[in-house]
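Given next are the chains, with one letter for each unit.
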Amino acid sequence: VFKGDRTAPRLSIHFFVVLLLFVGAVRLVRSDWTSGTTLYGTLEALSSVMAFVSGSLALVRFHSKKQENFLYIGMGFLGTGFLDLFSAVLATGWAGDLTPEEMEGLATWAFTASGAFLSIFLLASWVSWQRSRNKLNVKPVREVTVYLVALLLGVLFFAIFDLFPLTGALRPDQFIRRPAELVPGMLFLLAAIGYLTKGHWRVDAFEHWLVVALLIGVMAHGAYMPFSSQYHDAVFVAAHALKVFGYASVLVGLLASVYVTFRREEEVAESTREANTALAREIDYRRQAERVIQESEERLQGFLDSAHDLIQSVDPQGKFMYVNRAWKDILGYTDEDLEDLTFFEILAPSCRERCR
């Protein structure tokens, strides 16, 4: 939304986001506070809704400008929305009677699945931009290919992590209690580094908020969830809350991007209207000028034709360009005669050389 280079304030936001989240992780790891399934289900429901909205907006943005990175971002959020929806349903108890251990395993792997799925597509969006920048004649990826890959990958992640969850999600005897979370954390980190080095966040509101979301994803999967020691403890809940904030950051960026796009289109339309108005005004001026010139020529023609003097106009070769009515009447020539007649032919022979 901002015009010009906003490097300093936006870099400060990036730095303080990481710093505050790191300090918060250190404090929450030592906390004994726990919550219940209601808060967990609410956070997952919010995540699912925001992911669907963000994905839909990103696809609208893609179809309006055909920027390939928005296609990956949109499909990443739509797929993540479905994965988060399962977690929200899981919290309601509709998945059946599950033991606390089974619930904890499903909740943990569901968080890993959605983070891994989203981070893969966000990283792919940066790779898509890098690919198009390095090769001028690169062939764009077909939309249907991205749709199919997202569908197949979403089904695969849902089957592996949700329907048939892996074991060993929690390892309480290790320093990093949930090591699988580091995988999406690393993918988020790679995507964040890519977009930071890309540099468009300095002037583009969407990419600024996308970098904020990527940094939140890095911290959620790298500093919070890996150190959760039990189901619904403080860092577990904070990690799910951070996921909501990360989705919200992308949503803010997309809304800003849509706003900027609409504003630019309106500015272009306004410029076009002004140009058309100026052109119409210029055409009107030209028509008026042509009418004035035509009226002047008609008045001059009438004046010359009504004059009693003999008036003529000839070119350097002596061909008649104009003679008035008195000239023709007195000298006895017609318009047909003037087509072949020259000025020198009507002069006395003694005057012809001097007049030439």
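As a reminder, the structure under discussion sits directly above these lines.
Residues numbered from 1 in each chain as written. Predicted model: local features only at pLDDT ≥ 70, side-chain atom pairs only at ≥ 80, totals over all residues. Heavy atoms only, no water.

Turning our eyes to something else, we now look at the overall build of the protein. Of the regular secondary structure elements, the protein holds 11 helices and 2 strands. Helices and strands appear in the protein in the N-to-C order α-α-α-α-α-α-α-α-β-β-α-α-α. Against the globule reference of 21 Å for 356 residues, the protein gives a C-alpha radius of gyration of 40 Å, more extended than a compact globule. Taken across its 356 residues, the protein has 42% of its residues classed as buried. Expressed as a percentage of contacts within the protein between residues at least 6 apart in sequence, the contacts between residues at least 24 apart total 71%. For the protein, the exposed surface amounts to about 20,000 Å²; the carbon and sulfur share of it is 63%. For the protein, the centre of its 33 positive side-chain charges and the centre of its 38 negative side-chain charges are spaced 7 Å apart. (Helix = DSSP H or I, 4+ residues; strand = E, 2+ residues; numbered from the N terminus. Rg over C-alpha atoms; globule rule 2.2 N^0.38 Å. Buried < 20%, exposed > 50% of the residue type's maximum accessible area, 1.4 Å probe, protein only. Contact = heavy atoms within 4.5 Å. Areas by Shrake-Rupley, 256 points an atom, 1.4 Å probe, with all protein chains shown as cover. Lys, Arg positive; Asp, Glu negative; His and termini not counted. Charge placed at Lys NZ, Arg CZ, Asp CG, Glu CD.)

What follows is about the packing of aromatic side chains. Both the distance between ring centres and the angle between the ring planes are used here to describe each pair of aromatic rings. Applying the stated rule across the entire model yields 13 aromatic pairs. Centre to centre, the rings of Phe 77 and Tyr 247 are 5.5 Å apart; their planes meet at 80°, and the pair counts as edge-to-face. Note that Phe 77 is positioned in helix 3 (residues 68-92) and Tyr 247 in helix 8 (residues 234-306), a separation of 170 residues in sequence. For the pair shown, Phe 77 and Tyr 247 are each scored as buried. (Phe/Tyr/Trp six-rings, centres within 6.5 Å; stacked < 30°, edge-to-face > 60°.)

The full count for this structure, using the stated rule, is 9 salt bridges. Notably, a salt bridge pairs Glu 266 with Arg 273, separated by 3.1 Å at the nearest N-O pair. With a relative accessible area of 41%, Arg 273 lands in the partly exposed category. Linking Glu 282 and Arg 286 is a salt bridge whose minimum nitrogen-to-oxygen distance equals 3.2 Å. Linking Glu 282 with Arg 286, this pair stays in helix 8, spanning 4 residues, or about one helical turn. Residue classification places Glu 282 among the partly exposed residues on the basis of a relative accessible area of 36%. Residue Arg 286 is classed as exposed on the basis of its relative accessible area, which comes to 53%. (Salt bridge = Lys/Arg side-chain N within 4 Å of Asp/Glu carboxyl O.)

Moving on, we get to the packing of helix 1 (residues 7-29) against helix 8. The contact between helix 1 and helix 8 brings their axes to 9 Å, and the two run at 150°. The angle between the axes of helix 1 and helix 8 places the two elements in the roughly antiparallel class. Touching Leu 21, Ala 25, Leu 28 and Val 29 of helix 1 are Ala 234, Val 235, Ala 238 and Leu 242, all from helix 8. Taken together, the residues of the contact of helix 1 with helix 8 sort by class into 8 nonpolar, no polar and no charged. (Axes fitted to C-alpha atoms, helices over the stretch in contact; angles between N-to-C directions. Parallel < 35°, antiparallel > 145°, perpendicular 65-115°, else oblique. Nonpolar A, V, L, I, M, F, W, Y, C, P; charged D, E, K, R; others polar.)

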